[in-house]
Amino acid sequence: MNFDRSDAKEVKIAVICSALHAACDVSMWCYGVSGELYFTTSNCKTELDAFFTAGGCKEWALSQKDRLETPLIMSDPLGFLWAGEFIEGVENLGRLLVLIGPTFPSENSINSIEQRIREMNLALSSRGVASRVFNHVPVVPIAIMKRYISMLHFVISDKVIPSGEFIYQSHIHRDDPLDAAGSLPASRHYLDYESEFTREQMLLQCVKDGNPNYYALMREAGAHSLSNLYAIGDPLLEAKYTVVIFAAKCAGAAIEGGLSPKLARQLETQTVGQAERCRTITELSELNQRTYETFVDMVHKLRNQGQISKPVQAVCDYIKTHFMEQIRLEDLAKAACYSEYYLTRKFQKEMGQRISDYIRDTRLEYAKIWLISTEKSIQEISELLQFCSRNYFSRVFKEKEGISPQEYRERSGVLRRE
């Protein structure tokens, strides 16, 4: 294939894929809708194409050929992760599948990979090939892989897409009783433990609040996805542990948000059973995302069943999504489709507090998360949460919590520097 003479879109695809290959050793592949391989930047073309086929990823990907400009993420029992999407043809070749990969989502032990190879229904010659080839496959956490596919999607479609709209490979239509799923292994640098805890606390706060706009909030807060920190040498098992533990934490947050313990534990138990039956990381990734969204939705619906009207709930949702921005009463009135005067009276009647107090309390909840999970200074936190000064932030925090922000941080048992 000669991308040099292609149109601007094809040149952009070639440039980004070449950059990924040069900087991260992530290869690019182009397949026709019948499965013929037209082009790849991989140095292990024959071997990796064979594993793409043997692991079931090619068959599944080609079954999605009608999903134009929709990112696909897939993986196989060996642990290879692939991502890409279909585009209209290059050089009159018709519809093409553009892929990047394969990658491993975390460090893999040799024993773990060899065990996976033995479990796959492969000829002995293919098993030997796998042992030689896997060293050429880069380790890219799934959270980073999602960013790569988002970049590829942008150059293909000129559109930004949230990872929640990706299509994940699922074996639900096969003979084995698998549901869909997901979780994500990640880096193990010291700072990643801190950022992981912060992301997790933000996500759980959204469950507790029943905040349906959690994705926008996570994007603003830099908490795009969870990362797996259970380094036991088996990526699939690490991913299962992450899903199960996170589901338990979501159940606890949902109960705090008002959901009945029975419903919360039922969903948690269901997730544990589904995770146990999953055989790939992409299945686990879909399950993790779906479980989280279900918890948020259940709490949100529960709160909407009360005495809060839809306009007031819209205002609450707006505040929870935009609490790191300046919030104007006119914007809230627009969200509720009410006049400012009528909205302030209606809000106080239904919520039992003024809008300004609700905004303050929402910001203080996230301030507590940052105080115990980040190294952000109290000044930084006060600025991020739109308090006019550190002194004012400290005063309202103490009025609400009974102790100063610094005391709250120290009582968390985590040593932080100012």
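Reference entry: report on the structure contained in this document. Keep in mind the model is a prediction, meaning the values are calculated, not measured.

Attention now moves to a nonpolar patch on the surface. Residues Leu237, Tyr241 and Ile245 make up a contiguous nonpolar surface patch of about 230 Å² in total accessible area. Within the secondary structure, leucine 237 sits in helix H9 (residues 235-256).

Moving on, we get to the packing of aromatic side chains. By convention here, two paired aromatic rings are described through the distance between centres and the angle between planes. This model, assessed by the stated rule, comprises 14 aromatic pairs. Both rings, one in phenylalanine 51 and one in phenylalanine 80, keep their centres 5.9 Å apart while their planes meet at 70 degrees; by these two values the pair is edge-to-face. On the criterion of sequence distance, the pair formed by phenylalanine 51 in helix H2 (residues 45-54) and phenylalanine 80 in the loop between strand S3 (72-75) and strand S4 (81-87) is long-range, its members being 29 residues apart. Assessed through its relative accessible area of 1%, phenylalanine 80 is described here as buried. Seen in terms of ring centroids, phenylalanine 347 and tyrosine 358 are 5.6 Å apart; in terms of plane orientation they differ by 75 degrees. Their pairing is edge-to-face. Residue phenylalanine 347 is located in helix H14 (residues 340-351), and its partner tyrosine 358 is located in helix H15 (residues 355-373); the two are separated by eleven residues in the primary sequence. A network of ring pairs unites the aromatic residues Phe387, Tyr392, Phe393, Phe397 and Tyr408 as a single cluster.

Attention now moves to helix H10 (residues 261-277). A rise of 1.5 Å per residue sets the reference length of H10, with its 17 residues, at 24 Å; its end C-alpha atoms lie 25 Å apart and thus fit the reference within 8%. When we look at burial in H10, the residues that qualify are Ala264, Leu267, Glu268, Thr271, Gln274 and Ala275. Mapping the buried residues of H10 onto a view down its axis gives an arc of 130 degrees, with all of them on the same face. Along H10, the residues that are exposed and aim more than 90 degrees away from the buried face are Lys262, Thr269 and Glu276.

Our focus in this paragraph is the sheet that holds strand S6 (residues 167-168). With respect to topology, six strands assemble into an open sheet ordered S2-S1-S5-S4-S3-S6, the strand pairing being mixed. Looking at the sheet topology across the chains shown, the edges are occupied by strand S2 (37-40) and S6. Note: strand S1 (residues 28-32) against S2, three bridges, orientation antiparallel. What sits directly across from cysteine 30, in S2, is phenylalanine 39. Sheet strands in contact with H2 are S1, S2, S3, S4 and strand S5 (96-103), and its direction is about 60 degrees off that of S1.

In this structure, glutamine 205 sits in helix H7 (residues 190-209). For glutamine 205, a relative accessible area of 8% translates into the label buried. Beyond its immediate stretch of four places on either side in the chain, glutamine 205 contacts Glu365, Tyr366 and Ile369.

To continue, consider the pairing of S1. Among the five residues of S1, five are classified as buried, and the element is accordingly described as predominantly covered. Burial along S1 is two-sided: the residues Met28, Cys30 and Gly32 and Trp29 and Tyr31 are all buried. The sheet contact formed by S1 and S5 spans five bridges and is antiparallel. By the bridge assignment for S5, tyrosine 31 is matched with leucine 97. Taking the residues between adjacent antiparallel strands as the criterion, S1 and S2 are bridged by four residues, where glycine 35 takes a positive phi near 95 degrees.

Now for the environment of leucine 68. Counting through the fold element by element, leucine 68 comes out in the loop between helix H3 (57-62) and S3. Among the residues examined, leucine 68 registers a relative accessible area of 31% and is labelled partly exposed. Separated by 89 residues in the primary sequence, leucine 68 and serine 157 place their C-alpha atoms 9.7 Å from one another.

Here we take up the environment of valine 98. Examined against the element boundaries, valine 98 turns out to sit in strand S5. Take valine 98: its relative accessible area is 1%, and that puts it in the buried class. Sequence-wise, valine 98 and tyrosine 31 are 67 residues apart; in three dimensions their C-alpha atoms are separated by 6.7 Å. Each residue touching valine 98, except ones within four places of it in the same chain, is listed here: Ile13, Met28, Trp29, Cys30, Ala83, Gly84, Glu85, Ile87 and Leu152.

Scoring rules and cut-offs
- All residue numbers refer to position in the chain's written sequence, counted from 1.
- Restriction of local features to residues with pLDDT of at least 70 applies here, the model being predicted, together with a cutoff of 80 or more for giving and counting side-chain atom pairs; totals for whole chains, interfaces and linings are based on all residues.
- Side-chain numbers come from the whole structure's heavy atoms, not from hydrogens or water.
- Surface patches are drawn from residues lacking salt bridges whose relative accessible area is over 30%; two like charges belong together within 9 Å, two nonpolar side chains (Val, Leu, Ile, Met, Phe, Trp, Tyr) within 5 Å.
- Per-residue and other accessible areas follow the Shrake-Rupley method at a 1.4 Å probe size, with only the shown protein chains counted as cover for residues.
- A pairing counts as a salt bridge when a side-chain nitrogen of Lys or Arg comes within 4 Å of a carboxyl oxygen of Asp or Glu.
- Strands here mean DSSP runs of E at least two residues long; helices mean DSSP runs of H or I at least four residues long; both are numbered from the N terminus.
- Pairs were defined over the aromatic rings of Phe, Tyr and Trp, the Trp ring being its six-membered one, requiring ring centres within 6.5 Å. Orientation was assigned from the angle between planes: stacked under 30 degrees, edge-to-face over 60, tilted for the rest.
- Note on classification: 1.4 Å probe, protein chains only; a residue is buried when its accessible area is under 20% of the maximum for its type, exposed when over 50%, partly exposed between these limits.
- Multiplying 1.5 Å by the residue count of a helix minus one yields the expected span of that helix.
- The arc refers to the directions leading from the helix axis to the C-beta atoms.
- At least two DSSP bridges between two strands are required for those strands to pair.
- Residues count as neighbours in contact if any of their non-hydrogen atoms are within 4.5 Å of one another.
- Axis definition: a line fit to C-alpha positions, over the contact stretch in the case of helices; interaxial angles, taken between N-to-C directions, run 0 to 180 degrees.

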